[in-house]
Amino acid sequence: MTDQLLLVLDAGTTSTRAIAFTTGGEIVASAARPLTQYYPASGWVEHDAGEIRDLSLAVLEEVAAAAGVDRIAAIGITNQRETVCFWDRTTGEALAHAIVWQDRRTAEFCAGLKGHEPAVQAKTGLLLDPYFSATKMRWAIDNWPMVAAAARDGRLAVGTVESWLIWHLSGGAVHITDATNASRTLLMDLATCQWDDDLIALFGVPKAALPAITDCAGPLAEATILGRRIPITGAAGDQQAAAIGQGCLSAGMLKATYGTGCFLLAHAGAEPPVSRNRLLATVAWRLDGRPAYALEGAIFVAGSAIQWLRDGLGIIAESAESEALAQSVADNGGVSFVPALAGLGAPHWAPDARGLICGLSGGTTRAHIVRAALEAQGQQTADLVDALAADGVPAAMLRVDGGMVANNWLCQDLADSLGVVVERPRVIETTAMGAAMLAGVGAGLFADLPAAAAAMAAADVRFHPVIDGAARTGRRRQWQAAIAKVLA
Ligand code: ADP
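Criteria and thresholds
Residues numbered from 1 in each chain as written. Predicted model: local features only at pLDDT ≥ 70, side-chain atom pairs only at ≥ 80, totals over all residues. Heavy atoms only, no water. Helix = DSSP H or I, 4+ residues; strand = E, 2+ residues; numbered from the N terminus. Rg over C-alpha atoms; globule rule 2.2 N^0.38 Å. Buried < 20%, exposed > 50% of the residue type's maximum accessible area, 1.4 Å probe, protein only. Contact = heavy atoms within 4.5 Å. Polar contact = N/O pair within 3.5 Å; in protein donor to acceptor, adjacent residues only side chain to side chain. Core = buried A, V, L, I, M, F, W, Y, C linked by side-chain atoms within 4.5 Å. Near = heavy atom within 4 Å. Areas by Shrake-Rupley, 256 points an atom, 1.4 Å probe, with all protein chains shown as cover. Pairing = 2+ DSSP bridges. Axes fitted to C-alpha atoms, helices over the stretch in contact; angles between N-to-C directions. 1 Å grid on protein atoms, 1.4 Å probe; cavity = no way out; pocket = protein on both sides within 12 Å on 5 of 7 lines; lining within 4 Å. Points joined across faces, edges and corners; volume = space filled by probe spheres on them. Nonpolar A, V, L, I, M, F, W, Y, C, P; charged D, E, K, R; others polar. Parallel < 35°, antiparallel > 145°, perpendicular 65-115°, else oblique. Arc of directions from axis to C-beta. Disulfide = S-S within 2.5 Å.

Asker: Can you lay out the overall build of the protein for me, pointing to particular residues and giving the numbers?
Answerer: For the protein, the count of helices and strands is 16 helices and 23 strands. Relative to a compact globule of 488 residues, whose C-alpha radius of gyration would be 23 Å, the protein shows 22 Å and is just as compact. With the C-alpha coordinates aligned to their principal axes, the bounding extent of the protein is approximately 70 × 55 × 40 Å. Taking all 488 residues of the protein together, the buried fraction comes to 59%.

Quick look at the structure:
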């Protein structure tokens, strides 16, 4: 068993990558290609689905060749979520560009449906926002004649990126989507993990064009790589895969990825959670027909606040300098920085909010401002963690990844701000790791996800909270006062 490899395809927003893992969680080979971004109008973002397919095959073959194709036991796929592809099921050709998750072209359509939001949220766990797939599907049918004609003739196939890739890797044999990806479309009933006829009618999507919803692990399809048939046995959307790769397998275990923005996912157990705090309820995975659930929240500005200090204000030369500067002062000197540079995400949902630096005095230095920018990450996360607790999922611990968590000061401040242990993993490729774990379970190499996590995922550094409750509360009050100013 130790000689066998798990090959992961990570079809992301800006790049397409493949990574080969041993069943002990070591990376033996990887390859990546950048993906072209198309911005045909303000607020529109598209990808060339054919390019995603071609790059995927290229990186899979490159890594399979480097690692030894005969050693590959199974393939796992993870992908940018919500992005929709449109193709002709008789020829396999893409009928149009894929509409990407960031695309806002259906904002007006969503606004027109606002009255349906409570019912839609109750059924899907999501909010009515252009982010999710359904309104993008409808827009393409209404506006792209090739897509409309295929829908009329029953030739249209739609699917998120993993669905498109599995269709092609299987030579057109299989049109499926895993339950995590399906849970991001606005068309799936979260409780049953089935397409919902009322939602399909509300959004005006042809049911015949949709893929079948499957588990995240098992014999999903077969791909041919370098002439060898290899089973595809794992699939999950990127945030769910990262949570699995971080071993967040029981209720209250949280993962947060601190990159440009921050995505937090909290495992919520076997019953669909209901958020009263505008968090998203979503499928964490589905195995043997049984779903597990998560609550999710996004912070729009995380690392980009540090980038702004560097490029906008010019008070640091490199992002990494923020660590020593924050360390160089005893506290924030009363300075608060609310980095609402692109509005505020969950749980505030104020897209038009703008940033604020307040509490300045004659003694304020750039070190205080930099420290406040890092502290904002802990406080924004605490806002989400408070919302999670109010929704019935108190945080047990936080596992972190993403470019920012190289900053040890930040990780310690997260532990102090939240009052929970923060763990940083040994292998920071958590998204690919999660897809590899699912593929390993699906191929029968591991009995279940806990066994896969025990074999593959390991913590590297643990940060324990060191400040007391009063100090923690004091920081929360200072931050909440600043947020109140921003929201006013
Ligand atoms: P993404 O995947 O969203 O492009 P990454 O995970 O690569 O982002 O993280 C990059 C972000 O992390 C940048 O915004 C950068 O400013 C920030 N960053 C990188 N290193 C540090 C550091 N040592 N301290 C604070 N922020 C950092």
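Asker: Can you tell me about unusual backbone geometry, naming the residues and giving the values?
Answerer: Cis geometry marks the peptide bond from Ala346 to Pro347; its omega dihedral reads -5°. One non-glycine residue with positive phi stands out, namely Glu82, at about 70°. By the element assignment, Glu82 lies in the loop between β5 (72-79) and β6 (84-88). The phi angle at Leu186 is positive, at roughly 80°, despite the residue not being glycine. Relative to the assigned elements, Leu186 resides in the loop between α7 (179-182) and β10 (188-189). According to the relative accessible area criterion, Leu186 is buried, its value standing at 0%.

Asker: Can you explain the environment of Gln121? Please cite residues and give values.
Answerer: With respect to the element layout, Gln121 can be found in helix α3 (residues 117-124). Among the residues examined, Gln121 registers a relative accessible area of 22% and is labelled partly exposed. If we ignore the near neighbours within four places in the chain, the residues touching Gln121 are Leu126, Leu127, Ser275 and Leu279. Of note is the side chain of Gln121, whose polar atom sits 3.4 Å from the backbone oxygen of Ser275.

Asker: Lay out the nonpolar core with the relevant residues and their values.
Answerer: Among the nonpolar cores identified, the biggest contains 87 residues, and Leu187 and Leu398 are the most heavily contacted of them. Of the residues forming this core, the biggest block, 11 residues, is contributed by helix α12 (residues 366-390). Other than its neighbours up to four places away in sequence, Leu398 contacts Leu254, Lys255, Ala256, Tyr258, Leu264, Leu418, Val420, Val421, Val422 and Glu423. Grouped together as the second largest cluster of nonpolar side chains are 40 residues, Leu9, Val63, Ile75 and Ile166 included.

Asker: Break down the site of the ligand for me, with residues and values.
Answerer: As a structural note, the neighbourhood of the ligand is formed by 13 residues, with Thr260, Gly303, Gln307, Ser319 and Gly403 the closest of them. Here Ser319 contributes a side-chain N or O atom positioned 2.9 Å from an oxygen atom of the ligand. Ser322 is positioned with one of its side-chain polar atoms (N or O) 3.3 Å from a nitrogen atom of the ligand. Burial of the ligand by the protein chains amounts to 66% of its free accessible area of 590 Å². Ranked by residue count, the leading element in the shell around the ligand is helix α10 (residues 303-313), at four residues.

Asker: Run through the sheet that holds strand β18 (residues 290-299), naming residues and quoting values.
Answerer: Sheet strands pair via backbone hydrogen bonds, and the direction of the pair is either parallel or antiparallel. Taken in spatial order, the seven strands make up an open sheet running β17-β18-β16-β15-β21-β22-β23, and their pairing is mixed. Looking along the sheet, the strands with just one partner apiece sit at the ends: β17 (280-287) and β23 (459-463). Averaged over all neighbouring strand pairs, the angle between strand axes comes to 25°, with direction disregarded. The pairing of strand β15 (residues 253-258) with strand β21 (residues 397-401) spans five bridges and is classified as parallel. When the sheet's bridge partners are listed, Lys255 is paired in β21 with Arg399. Contacts from helix α9 (residues 238-245) reach β15, β16 (262-269) and β17 within the one sheet, and its direction differs from that of β17 by about 65°.

Asker: Give a detailed account of empty space enclosed by the protein, specifying residues and quantitative values.
Answerer: Inspection of every chain in the model, using the stated rule, returns five cavities of 30 Å³ or more. One number sums up the size of the largest cavity: a volume of about 100 Å³. Residue lining of the largest cavity: Asn332, Val335, Ser336, Phe337, Ala372, Glu375, Ala376, Gln379, Arg475, Gln478 and Trp479, and that is the complete set. Where the lining of the largest cavity is concerned, the elements lending two or more residues are β19 (336-338), α12 and α16 (469-487). When residues in the lining of the largest cavity are grouped by element, the largest group, four residues, is from α12. Of the residues assigned to the lining of the largest cavity, the class counts are five nonpolar, four polar and two charged. Of the pockets and cavities examined, the second largest cavity occupies roughly 70 Å³. Taken together, 13 residues make up the lining of the second largest cavity; nearest its centre are Ile299, Leu344, Gly345, Ala346 and Gln380. Put simply, the parts of the chain that give the lining of the second largest cavity at least two residues each are β18 and α12. Class assignment of the residues belonging to the lining of the second largest cavity gives a composition of eight nonpolar, four polar and one charged.

Asker: Kindly report on the packing of α9 against helix α14 (residues 430-442), identifying the contributing residues and their values.
Answerer: Across the interface, α9 lies against α14 with an axial gap of 6 Å and an inter-helix angle of 80°. It follows from the interaxial angle that α9 and α14 lie roughly perpendicular. Between α9, through Asp238, Ala241, Ala242, Ile244 and Gly245, and α14, the contact on the second element is made entirely by Thr430, Thr431, Met433, Gly434, Ala435, Met437 and Leu438. Among the residues making up the contact of α9 with α14, the classes are represented as seven nonpolar, four polar and one charged.

Asker: Lay out helix α15 (residues 449-456) with the relevant residues and their values.
Answerer: What α15 keeps buried is the set Leu449, Ala452, Ala453 and Met456. Taken end-on, α15 shows its buried residues confined to a sector of 100°, consistent with a single buried face. In α15, the exposed residues that point more than 90 degrees away from the buried face are Pro450 and Ala454. Where α15 is buried, its residues contact β1 (5-11), β2 (15-22), α9, β17 and α14. Its side-chain oxygen at 3.0 Å from the backbone nitrogen of Ala451, Asp448 defines the N-terminal cap of α15.

Asker: Could you give an account of the state of the cysteines, with specific residues and numbers?
Answerer: Counted by the stated rule, this structure contains zero disulfides. Here Cys411 is not cross-linked by a disulfide; its sulfur's nearest cysteine counterpart is in Cys262, at 12 Å.

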